[in-house]
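# Chain and residue survey
Residue-level listing of the chains:
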Amino acid sequence: MRKRLNSIRHGWMYSLVALFVFGCASDDIAPVDVESQAFDDLRTEVQAAIADPSRATAAIRIIDQLENDLASLRAGVRERRDTVRKLNADYDTTREEFETFLAEVEAEVLENKKRISELNRALFDAVTPEERSAVAKAHTRAMNAAIRTIQTI
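In this text the structure is predicted, and so the values were computed from the model without any measurement.

## Quick word on helix 4 (residues 95–125)
With 31 residues, helix 4 ought to run about 45 Å at 1.5 Å a step, and its terminal C-alpha atoms sit 44 Å apart, in line with that. Taken residue by residue, helix 4 has Phe-101, Val-105, Ile-116, Leu-119, Asn-120 and Leu-123 as its buried positions.

As C-alpha cells, this is what we get:
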C-alpha cells in the first residue's frame, strides 16, 4: 500500500515538473516578427498569383512601401505616447499645449490613414480581380498583423 502511494506521489510530482518545464518553454513570437512574416507571405503570394513580372514587381514595390510606412507609423505612435506621458507628467503643461499637441496628432493620424489607404488602393489597382482574390487571404493576414503590432505599443 505504501509503495503504491509513493509511486502515485512520484508520478504526480514528475507530471507537475513536466508541465512546469513545458509550460515555461513557450515560443512567444514578437508581433513585429509576425507582421514581417505576414508581409513576406504576401509578397510570395503576389509573385505566385501575378504572371506578368513587371506587374508583380510593381505590386511588390507597393507592398514594400506599405510595410515601410507601417514601420514609420509604429515609430510615430511610440513618440506620441512618450510625448503625452511627458506632457502629463509636467504639471506646468497648459490645456492649450495639450490641445495643440492633440490637434497635431489628429492631423498626423488622418494623413497616415490617407497614405495607407492610397497604397492599399494602388495595390488593388495593380492586380486583376482574379489575382486579388488569390492574394486576399495573405493581404488580410498582413494587415491584421500590422494592426496587432501597432496595438501592442
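## As for the nonpolar core
Counting residues in each nonpolar core, the largest one holds 24 residues, and the members touching the most others are Phe-39, Leu-42, Val-46, Leu-66 and Leu-70. Only helix 2 (31–49), helix 3 (53–89), helix 4 and helix 5 (129–151) provide two or more residues apiece to this core. Sort the elements by how many residues they give to this core and helix 3 lands first, with eight residues.

## A closer look at the packing of helix 3 against helix 4
Closest axis-to-axis distance for the helix 3/helix 4 pair is 10 Å, and the angle between their directions is 170°. As judged from the angle between their axes, helix 3 and helix 4 are roughly antiparallel. Handedness of the crossing formed by helix 3 with helix 4: left-handed. A breakdown of the residues in the contact of helix 3 with helix 4 according to their chemical character gives 16 nonpolar, four polar and four charged.

Each value, and the rule that gives it
- Residues numbered from 1 in each chain as written.
- Predicted model: local features only at pLDDT ≥ 70, side-chain atom pairs only at ≥ 80, totals over all residues.
- Heavy atoms only, no water.
- Helix = DSSP H or I, 4+ residues; strand = E, 2+ residues; numbered from the N terminus.
- Expected span 1.5 Å × (residues − 1).
- Buried < 20%, exposed > 50% of the residue type's maximum accessible area, 1.4 Å probe, protein only.
- Core = buried A, V, L, I, M, F, W, Y, C linked by side-chain atoms within 4.5 Å.
- Axes fitted to C-alpha atoms, helices over the stretch in contact; angles between N-to-C directions.
- Parallel < 35°, antiparallel > 145°, perpendicular 65-115°, else oblique.
- Left-handed = near helix turned anticlockwise from the far one by under 90°.
- Nonpolar A, V, L, I, M, F, W, Y, C, P; charged D, E, K, R; others polar.

By themselves, these figures tell us nothing about what the structure is for.
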